[in-house]
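Okay, here's what each chain looks like letter by letter:
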Amino acid sequence: MARFAISRSQFGSFPTVVLTDTVSGANAVVTLRGATLNAYSVPHAGGLLDVVAGYETPEDLAALKASRSRIMAPWSNRIQHSRYRFGGDRPLELPKNPEKPHILHGFVGGVDFEVVAERVNTDGASVTFTTNALRPGAFEGYPYRVDVEVTYALTADRLVIEIAGQNVGEGIAPFGCGWHPYFRTGSENIDHLRLAVPCRRKIVTDAELIPLPGEAAFQSIDQAGPLDFRPDAAGNGKPIGDLFIDGAFLDLAEGPDHLARSWVRDDRTGVTLTVFQQGGLMHVYTGDRRSLAMEPVQFMTNAFNRPEWSDAIQLRPGQESRFVFGVEVGK
C-alpha cells in the first residue's frame, strides 16, 4: 500500500479533496470553494491534532466568515477606500461594503476552483486547483485576465502551499497574493503562546490598519517595543500576553534553504508550529484569541496604492508570479 493517498469528501454541499499520510495519519482537507484548507491534522499525544482553525460549518464557508484559511488574490489584506490607480489616471473602483471602509482579501476566496492535477509518490501527495474567474466584467474594478493556481503538497513532515497567478490577457495586470490561516496548538487561548518573527522592520498603520504614507510606514524592529517578537539568543519567542496584534513584519531573516520562518510555541501542549515562506511579509493577527493568524503575504497592505510596490505588483502578459509557503509542526 502506498504511504500517501488522495481521496474525496464533502463539507456540506462543498466538495473537498483529502491528502493523507497513511503511516502517521496526518491529513489535509481542502475545499474546492476558494481552494481553502479547512483542516490540517498532525500526530500529537497518541492521536491527531488539527492545527488549523477552519470553518466550523458549510454556512460559515459560504459567507467567508472571518476569512479562515482564505487564499487571498489578486491582492492580500486591505485596499484603501476600495480604490486604486493602475495603468491610467482614472481610479479603479472596487466593490464597496457599507460596513467596512476598505475592501479585504481579494476575490478568489469566494469562487469554486477545479482540480487540474493530482500526484502521489513515495515522498508525498499533491493536488493543484485552478480558477479562471478573474476576467474583465467578473469583478468590479478588476478588468484583467489572470488565472490563479493553488497547489497543496503533503509530505511526512510538512504541508507546502504555492499560489501562482498567470496573466493571460493582453495588458499588464496588478497581482499579489497571500494566505489567511488561523492556527491552534491544542490550548483554548493564545495568551501564553510564545511567538517568534525574525525580522528587521514592521509596518506602521493608522487606526484603520492602512500603512502610513511613504517611509513613515516602515519602522525598525528595534523601535517596535512590545511588538518586537524577534527570538532571543536561545531561539525562544516572546509570550503574546494580552497584546492585540494586527500588523505585518518585513525583511524576514532567511535560513540556508532561503526560507523565512516564523513560529509559535505552546509550552502547555508541547506543540511548536512554524510557518515558512519564500519572500514576502508575515502578517500576525490575534483575532478572537482562541487561535492565531500567521499570514504569509507577498506584498504589504494597500500595495496597489504604494509607489514603492508599483513594479513588484505588475504582471506582464504571459508572466507568472509564484509564492511558496507552508506549515511545519514539531515538538
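The structure under discussion appears in the preceding block.
Residues numbered from 1 in each chain as written. Predicted model: local features only at pLDDT ≥ 70, side-chain atom pairs only at ≥ 80, totals over all residues. Heavy atoms only, no water.

Attention shifts here to the sheet that holds strand β12 (residues 124-134). Read across the sheet, nine strands follow the order β11-β12-β13-β14-β28-β24-β23-β18-β21 without closing on themselves; strand pairing throughout is antiparallel. Here the strands that pair on one side only, and so sit at the sheet edges, are β11 (114-121) and β21 (238-239). Relative to strand β14 (residues 158-167), strand β13 (residues 146-155) is paired through nine bridges, and the arrangement is antiparallel. Across the sheet, Asp147 pairs through a bridge with Gln166, a residue of β14. (Pairing = 2+ DSSP bridges. Helix = DSSP H or I, 4+ residues; strand = E, 2+ residues; numbered from the N terminus.)

A cis amide bond, omega 10 degrees, links Ala73 with the succeeding residue Pro74. Secondary-structure assignment places Pro74 in the loop between β6 (70-72) and β7 (78-79). At Ala45, a position not held by glycine, the phi torsion is positive, near 50 degrees. Despite not being glycine, Ser69 shows a phi value in the positive range, around 55 degrees. The exposure class assigned to Ser69 is buried, which follows from its relative accessible area of 0%. (Buried < 20%, exposed > 50% of the residue type's maximum accessible area, 1.4 Å probe, protein only.)

Further remarks concern the pattern of salt bridges. Pairing between side chains of opposite charge can happen when the charged atoms of each approach one another. Enumeration according to the criterion identifies 22 salt bridges in this entry. Here Asp267 and Arg194 are joined by a salt bridge, their closest N and O atoms 2.8 Å apart. Of this pair, Asp267 sits in the loop between β23 (260-266) and β24 (271-277) while Arg194 sits in strand β18 (residues 194-196), and the two are 73 residues apart along the sequence. Residue Asp267 is classed as partly exposed on the basis of its relative accessible area, which comes to 47%. Looking at Arg194, the relative accessible area reads 18%, which means it is buried. As a salt-bridge pair, Arg230 and Asp228 come within 2.7 Å of each other at their nearest N and O atoms. (Salt bridge = Lys/Arg side-chain N within 4 Å of Asp/Glu carboxyl O.)

Note that β14 and strand β28 (residues 320-330) share nine bridges and pair antiparallel. Bridging from a neighbouring strand, Val160 pairs with Gly326 of β28. Pairing of β24 with β28 involves six bridges; the strand directions are antiparallel. Considered in β28, the bridge of Thr272 is made with Gly330.

This part is about the packing of aromatic side chains. Where two aromatic rings form a pair, the distance of their centres and the angle of their planes describe that pair. Per the counting criterion, the structure on display carries 13 aromatic pairs. Between Tyr142 and Tyr144 the ring centres are 4.9 Å apart and the planes differ by 70 degrees, which places this aromatic pair in the edge-to-face class. With respect to class, Tyr142 is no different from Tyr144; both count as buried. Members of the aromatic cluster, joined through ring pairs, are Trp75, Tyr84, Phe107, Phe139 and Phe304. Above the face of the Phe276 ring, Arg158 is positioned so that its terminal group lies 4.5 Å from the ring centre. (Phe/Tyr/Trp six-rings, centres within 6.5 Å; stacked < 30°, edge-to-face > 60°. Lys NZ or Arg CZ within 6 Å of the ring centre and 35° of its normal.)

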